[in-house]
Amino acid sequence: MEKRLIMLVDDNPTNLRLGKNVLDEKYFVATAPSADKMFELLANNTPSMILLDVDMPGMTGYEALIMLKENPATQDIPVIFVTARVDYGDELQGLSLGAIDYITKPFQPALLLKRIEVHLLVEDQKQTLSRQTEELQDFNQNLQRMVDEKTENVLDLQRALLKTMAELVECRDDTTGGHIERTQRGLKILLEELFKIDSYEEDHRDWDLELLLQSCQLHDVGKISIDDNILKKPGKLTDEEFEIMKSHATFGEEIIERIETMAKESDFLKYAKIFAAYHHEKWDGTGYPRRLQGENIPLLGRLMAIVDVYDALSSERPYKKAFSHQESVKIIAEGSGKQFDPALVEVFLAAEQRFQNENPVISAP
């Protein structure tokens, strides 16, 4: 594949040299020692991505990003901040201005390369999805065969986008290995049991099960906005750190809404947004971020809450040992009417043996 151009902007010559050495093998690299020099280069070059420092003499990285977003010629170039600033507020400011990621120095070369690769793939999928959707809308209804072909292409792109975003989450949070895949299998088990009974039939009658199961992979997508020092902390989080971690539910909803505004066809993200926003709400109203209660919580959020907690309990993490299947089931049963929807707990208990047999947990290394 043709090499992409990455523009690296940093006032420190050592950082420019180190960054160029890391990126050179896979990308063409243009370096700039200041934001002003970056804009000079952009007059004749359009990079696939800009890696931008924050603290620079003259124009800061934040000011430069604002100018990039105001210019139609540069507003769509994805920008990742690579900075020594580690404060949560700084990261939130950078992401709010339109950066797609925020990486703190010193960075791990392999992780930097992987995050660039995944972000470029996400950008490609968004552009291709938008283009294919526009083409689909122009087809004459009499060309049914072509419509069917293009429809399948769009579905493939949707699947690819959902999968790519899920892989980005796994790349960020490598302490919960396999969590996304296990919760997806667990949700499938829970849904199959739910469909056997009359409860909530009105709610789930029109669900697209295949798309729903693909979408649940994004329930933790907001974690890409959480600082590595918190996300990968091996010990228990402080109260302040936990409050920051809790914000991933809101961040997840905002990330999906941001994609919705850029894609002409975004209806396929409706399930993903529900999973991201509501999987930490509790039946008794003590959950987050909205503190919703009872059936005010969307059904998909209540289902994912059970699956998510079961996996968290039964999986080994750097900060805890895994609970046995029996212990995990007991804790969920005790949460009926408090943390979980009582009717869905009954559904879970009817299927709990399948969780153990069909969705085994492999201990973390």
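In this convention, every chain numbers its residues from 1, walking through the sequence in written order. A pLDDT threshold of at least 70 governs which residues receive local features in this predicted model, and a stricter bar of 80 or more applies before side-chain atom pairs are shown or counted, although totals over entire chains, interfaces and linings include all residues. No hydrogens and no water enter the side-chain calculation; it runs on all heavy atoms of the structure.

A. Representation of the sheet that holds strand β5 (residues 101–104) within the structure. Spatially, β2-β1-β3-β4-β5 is the arrangement adopted by the five strands of the open sheet, whose pairing is parallel. Among the strands making up the open sheet, the edge pair consists of β2 (27–32) and β5. On average, each strand axis in the sheet is tilted by 20° relative to the strand beside it, whichever way the strands run. The pairing of strand β4 (residues 79–83) with β5 spans four bridges and is parallel. Looking at β5, one finds that Phe 81 is bridged to Tyr 102. Here, any two strands with at least 2 DSSP bridges between them count as paired. Each helix is a run of H or I in the DSSP string that is no shorter than four residues. Each strand is a run of E no shorter than two, and both are numbered from the N terminus. Whenever a helix is involved, its axis is fitted only over the stretch in contact; in every case the axis is a line through C-alpha atoms, and angles between N-to-C directions fall within 0 to 180 degrees.

B. Here's a closer look at the packing of helix α12 (residues 248–262) against helix α13 (residues 270–278). At a closest axis distance of 7 Å, the pairing of α12 and α13 adopts a crossing angle of 160°. Considering the angle they form, α12 stands roughly antiparallel to α13. Here α12 and α13 pass one another in a crossing that is left-handed. Residues Ala 249, Gly 252, Glu 253, Ile 256, Glu 257 and Glu 260 of α12 form the contact with α13, whose participating residues are Ala 272, Lys 273, Ala 276 and Ala 277. A breakdown of the residues in the contact of α12 with α13 according to their chemical character gives five nonpolar, one polar and four charged. Comment on the angle field: the value is read as roughly parallel under 35 degrees, roughly antiparallel over 145, roughly perpendicular from 65 to 115, and oblique elsewhere. Crossings are classed by handedness, with left-handed meaning an anticlockwise turn of the near helix from the far one by less than a right angle and right-handed meaning a clockwise turn. Note on contacts: a residue pair qualifies if any of its non-hydrogen atoms lie within 4.5 Å across the two residues. Note on residue categories: nonpolar means Ala, Val, Leu, Ile, Met, Phe, Trp, Tyr, Cys or Pro, charged means Asp, Glu, Lys or Arg, and polar means any other residue, Gly included.

C. Region of interest: the pattern of salt bridges. Here a salt bridge means any side-chain nitrogen of Lys or Arg lying within 4 Å of a carboxyl oxygen belonging to Asp or Glu. Following the criterion strictly, the structure yields 25 salt bridges and no others. When the shortest N-O distance is used, the salt bridge between Arg 85 and Asp 55 registers 2.6 Å. Taken as a pair, Arg 85 in the loop between β4 and α4 (88–96) and Asp 55 in the loop between β3 (49–52) and α3 (61–70) lie far apart in primary sequence, 30 residues in all. The cut-offs for exposure are 20% and 50% of the maximum accessible area for each residue type, with area from a 1.4 Å probe on protein chains only; residues under the lower value are buried, those over the upper are exposed, and the others partly exposed. Under the relative-accessibility criterion, Arg 85 is labelled partly exposed at 25%.

D. Seen up close, the nonpolar core. In plain words, nonpolar cores are sets of buried Ala, Val, Leu, Ile, Met, Phe, Trp, Tyr and Cys residues tied together by side-chain atoms within 4.5 Å. Membership of the largest hydrophobic core comes to 44 residues, with the highest contact counts inside it found for Leu 187, Leu 212 and Leu 303. Looking at this core, the elements that each hand over two or more residues are α7 (179–194), α9 (209–215), α12, α13, α14 (299–314), α15 (325–334) and α16 (342–358). With nine residues, α14 is the single largest residue contributor to this core. Filtering out sequence-adjacent residues up to four positions away, Leu 212 remains in contact with Leu 187, Leu 191, Trp 207, Tyr 271, Phe 275 and Leu 300. Grouped together as the second largest cluster of nonpolar side chains are 21 residues, Ala 32, Ala 35, Leu 52 and Val 79 included.

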